[in-house]
Amino acid sequence: MIALLQRLAHRLQPDFDQLTDYDRARLLSDLALTLVSLPLAAVSLFVLAATSDPELMRTQWPAALLILALGYSLSRLSFFQIYGTGARDYSYIGSTLLPLLAIAALLLFGPSTIWLLLALDAQFYMPRLFRVQSSTQRWAVLRNWTFNLWATTLGLLLALWVYGLAGGTIPLPDLSWSASWPALLAVLAYLVLRMADLGLLMAVQIQVLRSLGQQ
């Protein structure tokens, strides 16, 4: 796998051999995760398109605009943690309250609202693709975008599937226990899948680093 990634890296980054060890490892890891994410993103979008109701967003456009406005506001209010042991050896962990809005919108309007969340992701990542200073940074942004695309879509579709299996209905009728416990199961399913997604991300990164260390 590492040989294929290195050949691809040389094509995409002609000065690959001049990069530092850190930047080469980072670029190969980003390429690996992007290659894993692209087919998963395609599958998730196909499933989403097959389960969406285009008429819903057209008839419920005021709610759609409200979801977009709230989602944009929440995406600007992020919380994060940065830790590390050196100037170039650090990790960044961040998030927003956008998943709370995503689950709420999903239980009210169904899978069609996921398109709104993907639109919010697009307005977040596209400017960054053109604003970054180097191609290695650009691949990092692209990796994050493609990874979040399929992880968010499949996570929310799984949550909705679990919600339906538990007897939940769209829209969520009320907040009584009989109506809301399927929603709690849906949230739990979403969290479990997102943790599995992060496990996959870390596994790919670790495998790339191990392969480089064996060369």
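Residues numbered from 1 in each chain as written. Predicted model: local features only at pLDDT ≥ 70, side-chain atom pairs only at ≥ 80, totals over all residues. Heavy atoms only, no water.

A closer look at the overall build of the chain
For step 1, the next point in the chain: Each helix and strand in the chain was counted, giving eight helices and two strands.
For step 2, the next point in the chain: Reading the chain from its N end, one meets helices and strands in the order α-α-α-α-β-β-α-α-α-α.
For step 3, the next point in the chain: Within the chain, residue pairs in contact and separated by at least 24 positions form 66% of the contacts whose partners lie at least 6 positions apart. (Helix = DSSP H or I, 4+ residues; strand = E, 2+ residues; numbered from the N terminus. Contact = heavy atoms within 4.5 Å.)

Focus: the nonpolar core
For step 1, the next point in the chain: In this structure, Leu5, Leu27, Leu28, Ile114, Leu156 and Tyr163 are the most contacted members of the largest nonpolar core, which totals 46 residues.
For step 2, the next point in the chain: Elements supplying a minimum of two residues to this core: helix H1 (2–12), helix H2 (21–51), helix H3 (54–59), helix H4 (61–76), helix H5 (98–109), helix H6 (114–131), helix H7 (135–165) and helix H8 (177–213).
For step 3, the next point in the chain: Element by element, the count of residues in this core is highest for H7, at 10 residues.
For step 4, the next point in the chain: Setting aside chain neighbours within four positions, we find Leu5 in contact with Leu28, Leu31, Ala32, Leu35 and Val208.
For step 5, the next point in the chain: Counting residues in each nonpolar core, the second largest holds six residues, with Ala122, Leu129, Val132 and Val141 among its members. (Core = buried A, V, L, I, M, F, W, Y, C linked by side-chain atoms within 4.5 Å. Buried < 20%, exposed > 50% of the residue type's maximum accessible area, 1.4 Å probe, protein only.)

Details of the pattern of salt bridges
For step 1, the next point in the chain: Counted according to the given criterion, the structure contains three salt bridges.
For step 2, the next point in the chain: For Arg143, the salt bridge identified is with Asp30, shortest N-O distance 2.9 Å. Of this pair, Arg143 sits in helix H7 while Asp30 is found in helix H2, placing the two residues 113 residues apart along the sequence. Summarising the burial analysis for this pair, Arg143 and Asp30 share the class buried.
For step 3, the next point in the chain: Among the salt bridges present, the one from Arg58 reaches Glu55, with a minimum N-O distance of 2.6 Å. Linking Arg58 with Glu55, this pair stays in helix H3, spanning three residues, or about one helical turn. (Salt bridge = Lys/Arg side-chain N within 4 Å of Asp/Glu carboxyl O.)

Notes on the side chain of Thr113
For step 1, the next point in the chain: Structurally, Thr113 can be placed in the loop between H5 and H6.
For step 2, the next point in the chain: Here Thr113 falls in the buried class, since its relative accessible area comes to 2%.
For step 3, the next point in the chain: Discounting residues that sit within four places of it in the chain, Thr113 has contacts with Met57, Ile67, Ala105 and Leu106.

Let's talk about unusual backbone geometry
For step 1, the next point in the chain: At the junction of Ile170 and Pro171, the peptide bond is cis and its omega measures out at 0° in the coordinates.
For step 2, the next point in the chain: Summarising the element assignment, Pro171 is placed in the loop between H7 and H8.

Concerning the environment of Tyr125
For step 1, the next point in the chain: Structurally, Tyr125 is set in helix H6.
For step 2, the next point in the chain: Residue Tyr125 is classed as buried on the basis of its relative accessible area, which comes to 8%.
For step 3, the next point in the chain: Through-space distance from the C-alpha of Tyr125 to that of Thr146 is 10.0 Å; in sequence the pair is 21 residues apart.
For step 4, the next point in the chain: In contact with Tyr125, other than residues within four places in its own chain, are Val141, Asn144, Trp145 and Asn148.

Things to note about H5
Helical geometry note: an α-helix holds 3.6 residues per turn, so side chains three or four residues apart project in the same direction.
For step 1, the next point in the chain: Taking 1.5 Å per residue as the helical rise, H5 with its 12 residues ought to reach 16 Å, and the 16 Å between its terminal C-alpha atoms agrees with that figure.
For step 2, the next point in the chain: Where H5 is concerned, the buried positions are Leu98, Leu101, Ala102, Ile103, Ala105, Leu106, Leu107 and Phe109.
For step 3, the next point in the chain: Two residues or fewer past H5, Gly110 is found with a positive phi of approximately 85°. (Expected span 1.5 Å × (residues − 1).)

As for the packing of H4 against H6
For step 1, the next point in the chain: Contact geometry of H4 with H6 gives a least axis separation of 10 Å together with a crossing angle of 40°. The angle between the axes of H4 and H6 places the two elements in the oblique class. In the crossing of H4 with H6, the sense of the turn from one axis to the other is right-handed. For the pair H4 and H6, the contacting residues are Ala64, Ile67, Leu68, Gly71, Tyr72 and Ser75 in the first and Leu116, Leu120 and Gln123 in the second. (Axes fitted to C-alpha atoms, helices over the stretch in contact; angles between N-to-C directions. Parallel < 35°, antiparallel > 145°, perpendicular 65-115°, else oblique. Left-handed = near helix turned anticlockwise from the far one by under 90°.)

Structural notes on the packing of aromatic side chains
For step 1, the next point in the chain: Counted under the stated rule, the structure contains three aromatic pairs.
For step 2, the next point in the chain: Each ring, one from Tyr125 and one from Trp145, has its centre 6.0 Å from the other, and the planes form 15°; the classification is stacked. Residue Tyr125 is found in helix H6, and its partner Trp145 is found in helix H7; the two are separated by 20 residues along the sequence. Here the two residues Tyr125 and Trp145 agree in accessibility, since each one is buried.
For step 3, the next point in the chain: Through a chain of ring-to-ring contacts, the aromatic side chains of Phe124, Tyr125 and Trp145 assemble into a single cluster.
For step 4, the next point in the chain: Its end group placed over the ring of Phe124, Arg128 keeps NZ or CZ at 3.7 Å from the ring centre. (Phe/Tyr/Trp six-rings, centres within 6.5 Å; stacked < 30°, edge-to-face > 60°. Lys NZ or Arg CZ within 6 Å of the ring centre and 35° of its normal.)

Any functional reading would require information beyond the geometric quantities listed.
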